[in-house]
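Listed below, chain by chain, are the residues.
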Amino acid sequence: MEQTNNLLLDGIVAESQGKADAILKDAQAQVERIEADAKKRAEEQVEVSERDHQSRMRQVQFRLDAALASAKRKAQLKRIDESYQMVMDRVVSRFRTFAQSKAFRPYLAQWIAEAAIGLDLKEAKVAFCPLAPVDEAMLKDAEALVKQVTGSTVHLVLDSRPVREIGVVLSSMDDKVSFNNQVDVRLRRYDRDIRTMVQEHTWNAE
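One numbering rule holds for all chains: residues counted from 1, following each sequence as written. Restriction of local features to residues with pLDDT of at least 70 applies here, the model being predicted, together with a cutoff of 80 or more for giving and counting side-chain atom pairs; totals for whole chains, interfaces and linings are based on all residues. Values reported for side chains reflect all heavy atoms of the structure, with hydrogen atoms and water molecules removed beforehand.

1. Quick word on the pattern of salt bridges
- For this analysis, a salt bridge means a side-chain nitrogen from Lys or Arg found within 4 Å of a carboxyl oxygen belonging to Asp or Glu. By the definition in use, this model includes 12 salt bridges.
- Salt-bridge contacts for E114 lead to R186; the nearest nitrogen and oxygen are separated by 2.7 Å. Placement of E114 in helix α2 (residues 105-119) and of R186 in helix α4 (residues 183-189) is noted, with a sequence separation of 72 residues between them.
- Residue classification places R186 among the buried residues on the basis of a relative accessible area of 15%.
- The salt bridge partner of D175 is K125, with a shortest N-O separation of 2.9 Å. Highlighted residues: D175 in the loop between β3 (167-171) and β4 (178-182) and K125 in strand β1 (residues 123-128), separated in sequence by 50 residues.
- Think of it in three bands: residues with accessible area under 20% of the maximum for their type are buried, residues over 50% are exposed, and the middle band is partly exposed, with areas taken using a 1.4 Å probe on protein chains only. Taking relative accessible area as the criterion, K125 reaches 13% and is therefore assigned buried. Secondary structure counts use DSSP, requiring at least four H or I residues in a row for a helix and at least two E residues in a row for a strand, with both numbered from the N terminus.

Pasting the structure below:
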């Protein structure tokens, strides 16, 4: 009887042990699946975070590149403006020196003739800068140039009112219309060409 009981107990224990082993095995499998899922989700989260990080880094780099390009452009424009102003200052300075020499007289007569043609009147007054004075002989030369170029006759007289810059201002006798041919105005007519040359020189020098 005792032996039968022991066998029965051994069977129950063995069955229980088997069930326990199966439960433990199943639990371990679940743990492994959970760990695998958790690892996969973690890897996916890391991948998503890495993509987000890379995207943010690209945005930061793009903004940095844009800021650097803008700063470089502003620096270039500043150098161009400074170079342009330096060129213009030198040109005006050299003009003022040249204007006080006898060699400038033929050019000034041409400026008078050019203004007279632009004004297109039979008679005009010529105002000039004291640094580059105009006399009657230059008026005659200018009248001859107008006649030669256009075939028209113009009578020019000296204006008692001076102008500040090198060059001349021709006005109608009633002062209603005028033609400004001073050096600063003439230079403004070539402003775009001068700026282009300064810009090309500045960029090529970099």
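2. A word on unusual backbone geometry
- Of note, D120 is a non-glycine position whose phi angle comes to about 55°, a positive value.
- Tracing the backbone through its elements, the reader meets D120 in the loop between α2 and β1.
- The residue D175 is not glycine, and still its phi comes out positive at about 65°.
- For D175, a relative accessible area of 39% translates into the label partly exposed.

3. Structural notes on the nonpolar core
- By nonpolar core is meant a set of buried Ala, Val, Leu, Ile, Met, Phe, Trp, Tyr and Cys residues that side-chain atoms within 4.5 Å join together. Ranked by internal contacts, the top residues of the largest apolar core, which has 35 residues, are L108, I112, V134, L156, V168 and L170.
- For this core, the elements supplying multiple residues, two or more each, are α1 (2-99), α2, β1, α3 (136-150), β3, α4 and α5 (191-204).
- Top element by residues in this core is α2. It accounts for seven residues.

4. Points about the pairing of β3
- Most of β3 is tucked away, with five of its five residues classed as buried.
- Every second residue of β3 is oriented toward a common face, with G167, V169 and S171 on one face and V168 and L170 on the other, all of them buried.
- Should DSSP find at least two bridges between two strands, the strands are regarded as paired. Summarising the sheet, β1 and β3 pair through four bridges and their orientation is antiparallel. Counterpart to K125 in the pairing with β3 is S171.

5. Things to note about the environment of K140
- Inspection of the secondary structure puts K140 in helix α3.
- In sequence terms K140 and V157 are 17 residues apart; their C-alpha atoms lie 9.6 Å from each other.

6. Details of the sheet that holds β4
- Strand order across the open sheet formed by four strands is β2-β1-β3-β4, with mixed pairing between neighbours. The open sheet has two free edges, formed respectively by β2 (155-158) and β4, since each of these has just one partner strand. Neighbour to neighbour, the strand axes of the sheet diverge by 25° on average, direction disregarded.
- Sheet topology places β3 next to β4; five bridges connect them, and they run antiparallel. By the bridge assignment, G167 is partnered in β4 with Q182.
- This element, α3, spans β1 and β2 of the sheet and lies at about 155° to β2. With axes taken as lines fitted to C-alpha atoms, and helix axes fitted only over the stretch in contact, angles between N-to-C directions fall between 0 and 180 degrees. In what follows, a contact means two residues having at least one pair of non-hydrogen atoms within 4.5 Å.

7. Observations concerning α3
- The end-to-end C-alpha separation of α3 is 21 Å, in line with the 21 Å expected for 15 residues at 1.5 Å each.
- Where α3 begins, one side-chain oxygen reaches toward the backbone nitrogen of A137, 3.2 Å away; that side chain belongs to D135.
- Of the residues one or two after α3, G151 is the one with positive phi, at around 80°. Working rule for helices: expected span equals 1.5 Å times residues minus one. Any pair of nitrogen or oxygen atoms within 3.5 Å is treated as a polar contact; in protein, a donor-acceptor pairing is required on top of that, and neighbouring residues in sequence qualify only through side-chain atoms on both sides.

8. Points about the pairing of β2
- As defined by bridge partners, β1 adjoins β2 across four bridges and the pair is classed as parallel. Bridging across to β2, K125 finds its partner in V157.
- Handedness of the β1-α3-β2 crossover: right-handed. Crossover handedness is defined by viewing with both strands directed away from the observer: a clockwise path from the first strand over the helix to the second marks the crossover as right-handed.

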